[in-house]
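Descriptive structure summary
Here's the letter readout for the chains.
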Amino acid sequence: MGSFGHMMDPASWLGAITSGWDEMGQTAFWVALLKIMWINVLLSGDNAVVIAMACLGLPPRQRLWGMILGAGVAVVLRIVFTVVIAQLMLLPYLKLIGGLALFYIAAKLLVPEEEDESEVEAVEHLWRAVRIVAVADIIMSLDNVIAIAAAAQNNFALILLGLAISIPLIVAGAALIMALLERFPILVWAGAALLGWIVGETIATDPVIQGFLEPRLGAEGFHYIVLFTALFGAILVLVVGGFWRRSKLAARGEKVSAAE
């Protein structure tokens, strides 16, 4: 049975889910748990930026729920991804597609949301923010889950507990970033540029692109290509997001003028 067939085998999933719980009485288990929590917090700074930016446009009473639900859904998906990501990372064009999706998310975060005119619209905006957080986390967490899987050494109990305990830490970080974004709106643009930088890095390190360029340019030359692509991604997100934002604000102004 190939690696893909093994991943689809229910028995292998059941074995992964039930592994590790009998080791909770050992000191090594708790040391590894702290290691996973630390890795997740260190590598989730950009994820906290996405959570904060996605929830910034929500009404104040919905922001906490947006952060909690967004981080919760993202962590659940990250747990699933941790089980299979080692194989998925090797698939060609995965990072390329993910980078393009993240580019759209980064540019969209610069565009102001419509004012909520009903409770239904408010709820829709809440779930839209949750979806943005979940999708962005999947794309941006490819490196995170590799580090977590390596630290857990196929112990599902460690993965589950480590990521679950990390949720309040990520939410707290997102709340702090959101407070800064409200106080200093220019940081919204800095956050979008950060996501654009990640877009460039993600696309440049796709196995197909890296496999083509690195043998020809060498490790150092390819490193500079990644930096250039990351910088280009940051600038392009700001340009596209800025034009998108301007057109949205212009359309909103015309709508208000027509109503008057």
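Remember, predicted model here, so these are calculated numbers, not experimental data. (Residues numbered from 1 in each chain as written. Predicted model: local features only at pLDDT ≥ 70, side-chain atom pairs only at ≥ 80, totals over all residues. Heavy atoms only, no water.)

**Here's the deal with the overall build of the protein**
When its secondary structure is counted, the protein shows 11 helices and zero strands. Counting from the amino terminus, the protein carries its helices and strands in the arrangement α-α-α-α-α-α-α-α-α-α-α. The buried share of the protein, reckoned over its 260 residues, is 40%. The contacts in the protein between residues at least 6 apart in sequence include a share of 86% that link residues at least 24 apart. (Helix = DSSP H or I, 4+ residues; strand = E, 2+ residues; numbered from the N terminus. Buried < 20%, exposed > 50% of the residue type's maximum accessible area, 1.4 Å probe, protein only. Contact = heavy atoms within 4.5 Å.)

**Thoughts on the pattern of salt bridges**
Counted according to the given criterion, the structure contains one salt bridge. As a salt-bridge pair, glutamate 182 and arginine 63 come within 2.5 Å of each other at their nearest N and O atoms. Pair noted here: glutamate 182 is in helix 9 (residues 156–183) and arginine 63 is in helix 5 (residues 60–88), with a separation of 119 residues, a long-range link. The exposure class assigned to arginine 63 is buried, which follows from its relative accessible area of 14%. (Salt bridge = Lys/Arg side-chain N within 4 Å of Asp/Glu carboxyl O.)

**What to know about the nonpolar core**
Generally speaking, nonpolar side chains in soluble globular proteins are found buried as a group. Among the nonpolar cores identified, the biggest contains 35 residues, and Ile51, Met53, Met67 and Leu109 are the most heavily contacted of them. Elements represented by at least two residues in this core include exactly helix 4 (45–55), helix 5, helix 6 (94–108), helix 7 (119–140), helix 9 and helix 10 (186–204). With eight residues, the top contributor of residues to this core is helix 4. Counting residues in hydrophobic clusters, the runner-up holds seven residues, among them Phe29, Ile36, Ala157 and Leu158. (Core = buried A, V, L, I, M, F, W, Y, C linked by side-chain atoms within 4.5 Å.)

**Details of helix 6**
With 15 residues, helix 6 ought to run about 21 Å at 1.5 Å a step, and its terminal C-alpha atoms sit 21 Å apart, in line with that. Inspection of helix 6 places Lys95, Gly98, Gly99, Leu102, Phe103, Ile105, Ala106, Ala107 and Lys108 among the buried residues, and these make up the whole buried set. (Expected span 1.5 Å × (residues − 1).)

**Examining the confidence of the model for the protein**
Here the protein averages 75 in pLDDT, and 70% of its residues register 70 or above. The lowest-confidence element of the protein is helix 1 (residues 3–8), averaging 47 in pLDDT; the highest-confidence one is helix 11 (residues 207–259), averaging 89. (pLDDT = per-residue confidence, 0-100.)

**Points about helix 10**
The terminal C-alpha atoms of helix 10 lie 28 Å apart, and with 19 residues this matches the ideal 27 Å at 1.5 Å per residue to within 8%. For helix 10, every residue scored as buried is listed here: Val188, Gly191, Ala192, Ala193, Leu195, Gly196, Ile198, Val199, Gly200, Thr202, Ile203 and Ala204.

**Some words on a nonpolar patch on the surface**
A cluster of nonpolar side chains, Phe228, Leu231, Phe232, Ile235, Leu236, Val239, Val240 and Phe243, forms an exposed patch at the surface whose accessible area comes to about 750 Å². Along the chain, leucine 236 turns up in helix 11. (Patch = residues over 30% accessible without salt bridge, like charges linked within 9 Å, V, L, I, M, F, W, Y side chains within 5 Å. Areas by Shrake-Rupley, 256 points an atom, 1.4 Å probe, with all protein chains shown as cover.)

**Focus on the packing of helix 6 against helix 10**
Across the interface, helix 6 lies against helix 10 with an axial gap of 8 Å and an inter-helix angle of 165°. With respect to each other, helix 6 and helix 10 are oriented roughly antiparallel. Regarding helix 6 and helix 10, the two cross each other, and that crossing is left-handed. Contacts between helix 6 and helix 10 pair Lys95, Leu96, Gly99, Leu100, Leu102, Phe103 and Ala106 from the former with Ala192, Leu195, Gly196, Ile198, Val199, Thr202 and Ile203 from the latter. Tallied by class, residues from the contact of helix 6 with helix 10 come to 10 nonpolar, three polar and one charged. (Axes fitted to C-alpha atoms, helices over the stretch in contact; angles between N-to-C directions. Parallel < 35°, antiparallel > 145°, perpendicular 65-115°, else oblique. Left-handed = near helix turned anticlockwise from the far one by under 90°. Nonpolar A, V, L, I, M, F, W, Y, C, P; charged D, E, K, R; others polar.)

**Brief notes about the side chain of threonine 202**
Topologically, threonine 202 is positioned in helix 10. One polar contact links the side chain of threonine 202 to the main-chain carbonyl oxygen of isoleucine 198, over a distance of 2.7 Å. Aside from chain neighbours lying at most four places away, what touches threonine 202 is Lys95 and Gly99. (Polar contact = N/O pair within 3.5 Å; in protein donor to acceptor, adjacent residues only side chain to side chain.)

**Some remarks on the packing of aromatic side chains**
Overall, the coordinates contain one aromatic pair when judged by the stated rule. Their ring planes at 45° and their centres at 5.6 Å tell us that tyrosine 104 and tryptophan 244 sit as a pair that is tilted. Residue tyrosine 104 is found in helix 6, and its partner tryptophan 244 is found in helix 11; the two are separated by 140 residues along the sequence. Cation over ring: arginine 216 sits above phenylalanine 212, and NZ or CZ is 4.0 Å from the ring centre. (Phe/Tyr/Trp six-rings, centres within 6.5 Å; stacked < 30°, edge-to-face > 60°. Lys NZ or Arg CZ within 6 Å of the ring centre and 35° of its normal.)

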